[in-house]
Amino acid sequence: MTSHVKKTLVTTTAIAGALAATTLFNTTTVKADTTSSAPVTTTTSATKDTAIASAQAKVNSASAAVVSAQAAYGSASTAASDAAARTAAASASAAATSSAVANAQAAADSASAAKSTADANLAKAQSTAAATSRAKSMTSAAVVSAQSAVASASTKASDADSAVASAEAGQTVTANLMKSDHPTQQSDAAGFFAKQVTIKQDGSDYLITFTLSSGNGYIKSMTLNGEQPTATTANGDTGTYTYKVSAAVLAKGSATLGFALQTPLGAMNETALAVFPGTGKSTSDMVNDAAKATIFNGLLAAKSDADAALTSAQAALSTAETNAATVAQVASNAASAATAAATVASDAAVVATSAATNLTSAQAANSTAQAALTSAQAAQSAVDATLATAKANLDSANAALTSAQAELKSAQNIVVVTPASSAASSASSAASSASSTNSSAASSASSAASSASSTDSSAASSASSTASSAGSAASSATNSAASAATATSNVASSASTTTVTSAVVATPATTKKVTSSTPASSTTAKTLPQTGNENQSALVALGLAILTLGIYPMMKRKHA
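These lines cover the structure that appears in this document, whether it is placed above or below. (Residues numbered from 1 in each chain as written. Predicted model: local features only at pLDDT ≥ 70, side-chain atom pairs only at ≥ 80, totals over all residues. Heavy atoms only, no water.)

**Points about the overall build of the chain**
Assigned secondary structure in the chain consists of eight helices and 13 strands. Residues counted as buried form 31% of the 560 residues belonging to the chain. Taking all contacts inside the chain whose residues are at least 6 apart in sequence as the whole, residues at least 24 apart take part in 76%. Looking at the chain as shown, the accessible area adds up to about 30,200 Å², and 56% of this sits on carbon and sulfur atoms. (Helix = DSSP H or I, 4+ residues; strand = E, 2+ residues; numbered from the N terminus. Buried < 20%, exposed > 50% of the residue type's maximum accessible area, 1.4 Å probe, protein only. Contact = heavy atoms within 4.5 Å. Areas by Shrake-Rupley, 256 points an atom, 1.4 Å probe, with all protein chains shown as cover.)

This is the structure:
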């Protein structure tokens, strides 16, 4: 328990001594030098305190105003920055939409031009298709007409062929049998012959056939112009006799028939003149025209003409069909081109409509962006104006603060001059305080030594030595106090006859100078009143004593 108390006492004493020494060593004494360029204002302490308080209030108010102005300026600056960012964004948006409008306009113009071209191509293709369609109709009509002509020519040719074929098979003409000696009188033999004879071409000659309708049994033989028949047929009482005659005989139109008869009355010979239509041409003409078959009354010529007409009609039909096919192909191509052009025109119209819609949208977006930009610029202008006002207010507040600080500094620079009687009283008081402090320090040291002695005799001896040192320090402090009082008295005495012209600003650890207004012959420097604690010397001694009392037992204990 004693050891614990001892430790506590030693520790407390050491801490107290350290704190006292630290406090005392940090105490600053401000002295006045003899030189300064700042003007000095002299006044009483109360007046100086009032001036400092007033100036401090102004500084505080100005500082608050600066803080408020700085806050307003910061808020305005932030708003201006935000407004500038919004303006920049709006400007970028407006530029982008303007570019989009330009692009959309170019696309719309291109689409419109493409549509115009497509419409022109469509109109041209439709015109061509219409023309080729008309041509197709015409060629189709030509084909129909040619087909009709071919049909007609074919019919005529067929009829001509039939006539020729019939003539080749034997042309039937009327023949009369007349008396040889009386050509104008009909022969008695006429009753046995048919009225029609058949004439047929045989190369350059002709075959003429006579038909007996009765009495064939009585005829032993029958000649034509003395020539025997080339062919005969017999069918009971009827029969046919065919003779070859020349073109000349045929052209003459008559020939003599000679009969060798065997009748019930006996044999007899008779003649008759067979008359038939001739060509009426001379023998030489008949010979020359034999190949033309004029005997057929122009049937061969008609057949030739019909065949030629049929051939021409067929050629015309072929040409018409070729033309029609060509025109039909052209018309088909034109129709396909018109269809394709219509598709292209339709697509171009869709693209143009879409481009126009996009342009309208881009223009609307640009209008909105431009309006937003205008609004942002107006807002930025307003915010900039607010920022300028806040800046002006801040500058004004700073100026006011500077002025207030200058006023405060001026108030702090005021020098308080104490009358001589007051200085002497202060010095006496300081001496008394120093003496009291010395006694207190000695008492404290003695008490500490006594306390330590009850625990440790070595500590007591050390405490006694420390107390003795404290007494010496106290005596020294008394002497310092007396010297301070004497110096103060001298200052007061000097203040009654001396005017101070330089300001002294007392700050920690700083020495200021003043310039005396005494005549140049005076060489004695005037000392300003001490602004520190007059009892410093005694307190320092006391602190050292306490510190020694605390450290010594600790060191002894360490060596034990």
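**Concerning the layout of surface pockets**
The computed volume of the second largest pocket comes to approximately 430 Å³. Asp188, Ala189, Phe192, Leu261 and Glu270 are, among the 19 residues lining the second largest pocket, the residues nearest its centre. Of all the secondary-structure elements, those providing two or more residues to the lining of the second largest pocket are strand E10 (254-263) and strand E11 (266-275). Top element by residues in the lining of the second largest pocket is E11. It accounts for four residues. Counted by class, the lining of the second largest pocket contains ten nonpolar, five polar and four charged residues. (1 Å grid on protein atoms, 1.4 Å probe; cavity = no way out; pocket = protein on both sides within 12 Å on 5 of 7 lines; lining within 4 Å. Points joined across faces, edges and corners; volume = space filled by probe spheres on them. Nonpolar A, V, L, I, M, F, W, Y, C, P; charged D, E, K, R; others polar.)

**Re the pairing of strand E9 (residues 238-245)**
In this sheet, E9 lies alongside strand E6 (residues 205-212) in antiparallel orientation, the contact comprising seven bridges. Looking at E9, one finds that Thr209 is bridged to Thr242. Sheet topology note: the strand E8 (residues 231-235)/E9 ladder contains five bridges and is antiparallel. Bridging from a neighbouring strand, Ala234 pairs with Gly239 of E9. Where E8 hands over to E9, the hairpin turn is made up of two residues, of which Gly236 adopts a positive phi near 75 degrees. (Pairing = 2+ DSSP bridges.)

**Here we look at the sheet that holds E11**
One open sheet accounts for four strands, arranged E4-E11-E10-E7; its pairing is antiparallel. Sheet topology places strand E4 (176-178) and strand E7 (219-224) at the edges, where each strand pairs with a single neighbour. Each adjacent strand pair in this sheet contributes to an overall mean axis angle of 30 degrees, direction not counted. Bridge count for E7 against E10 is five bridges, and the pairing is antiparallel. Each bridged residue has a counterpart across the sheet, and for Met222 the counterpart in E10 is Phe259. (Axes fitted to C-alpha atoms, helices over the stretch in contact; angles between N-to-C directions.)

**A closer look at the side chain of Asn216**
Within the element layout of this structure, Asn216 appears in the loop between E6 and E7. Residue class for Asn216 comes out buried when judged on its relative accessible area of 8%.

**Section: unusual backbone geometry**
Backbone geometry places Asn225, a non-glycine residue, at a positive phi of 50 degrees. Topologically, Asn225 is positioned in the loop between E7 and E8.

**Here we look at the side chain of Thr139**
You can see Thr139 is positioned in helix H2 (residues 45-169). If we skip the residues at most four places from it in the chain, Thr139 touches Ala320, Asn323, Ala324 and Val327.

**Focus on the environment of Ala352**
Within the secondary structure, Ala352 is located in helix H5 (residues 299-412). It is 4.7 Å that separates the C-alpha atoms of Ala352 and Ala111, two residues lying 241 residues apart in sequence. When sequence neighbours within four positions are dropped, the list of residues in contact with Ala352 reads Ala111, Ser112 and Lys115.

**Observations regarding the nonpolar core**
In terms of nonpolar packing, the biggest core is built from 28 residues, with Phe193, Ile208, Phe210, Met222, Leu224, Leu257 and Phe259 touching the most fellow members. Among the elements of the structure, strand E5 (196-202), E6, E7, E9, helix H3 (247-252), E10 and E11 are those that each provide at least two residues to this core. In this structure, Ala146, Val150, Ala160 and Leu310 belong to the second largest nonpolar core, which totals twelve residues. (Core = buried A, V, L, I, M, F, W, Y, C linked by side-chain atoms within 4.5 Å.)

**Regarding the sheet that holds E8**
If you walk across this open sheet you meet the five strands as E3-E5-E6-E9-E8, and the pairing is antiparallel. Only two strands of the sheet have a single neighbouring strand rather than two, namely strand E3 (171-174) and E8. Here the strands of the sheet are splayed against their neighbours by 25 degrees on average, with no regard to which way each runs. Sheet topology note: the E3/E5 ladder contains four bridges and is antiparallel. By the bridge assignment, Gln171 is partnered in E5 with Ile199.

**Details of the packing of aromatic side chains**
Scanning all chains against the criterion turns up two aromatic pairs. Plain terms: the ring middles of Phe193 and Phe259 are 5.7 Å apart, the flat faces sit at 45 degrees to each other, and that makes the pair tilted. Of this pair, Phe193 sits in the loop between E4 and E5 while Phe259 sits in strand E10, and the two are 66 residues apart along the sequence. Here Phe210 and Tyr243 contribute two aromatic rings whose centre-to-centre distance is 6.2 Å and whose plane-to-plane angle is 65 degrees, an arrangement assigned as edge-to-face. (Phe/Tyr/Trp six-rings, centres within 6.5 Å; stacked < 30°, edge-to-face > 60°.)

**Considering the environment of Gly258**
Mapped onto the elements, Gly258 comes out in strand E10. Residue Gly258 is classed as buried on the basis of its relative accessible area of 19%. C-alpha separation for the pair Gly258 and Ala272, spaced 14 residues apart in sequence, amounts to 6.8 Å.

**Describing the pattern of salt bridges**
Side chains that carry opposite charge are capable of pairing whenever their charged atoms lie near each other. With the rule as written, the count across this model stands at six salt bridges. Of the charged contacts, one joins Asp119 and Lys115 as a salt bridge, the two residues approaching to 2.9 Å between their closest N and O atoms. Taken together, the residues span about one helical turn, with Asp119 and Lys115 both in helix H2 at a distance of four residues. For Lys303, the salt bridge identified is with Asp307, shortest N-O distance 2.9 Å. With a gap of four residues between them, Lys303 and Asp307 both fall in helix H5, about one helical turn apart. For Lys303, a relative accessible area of 22% gives the class partly exposed. (Salt bridge = Lys/Arg side-chain N within 4 Å of Asp/Glu carboxyl O.)

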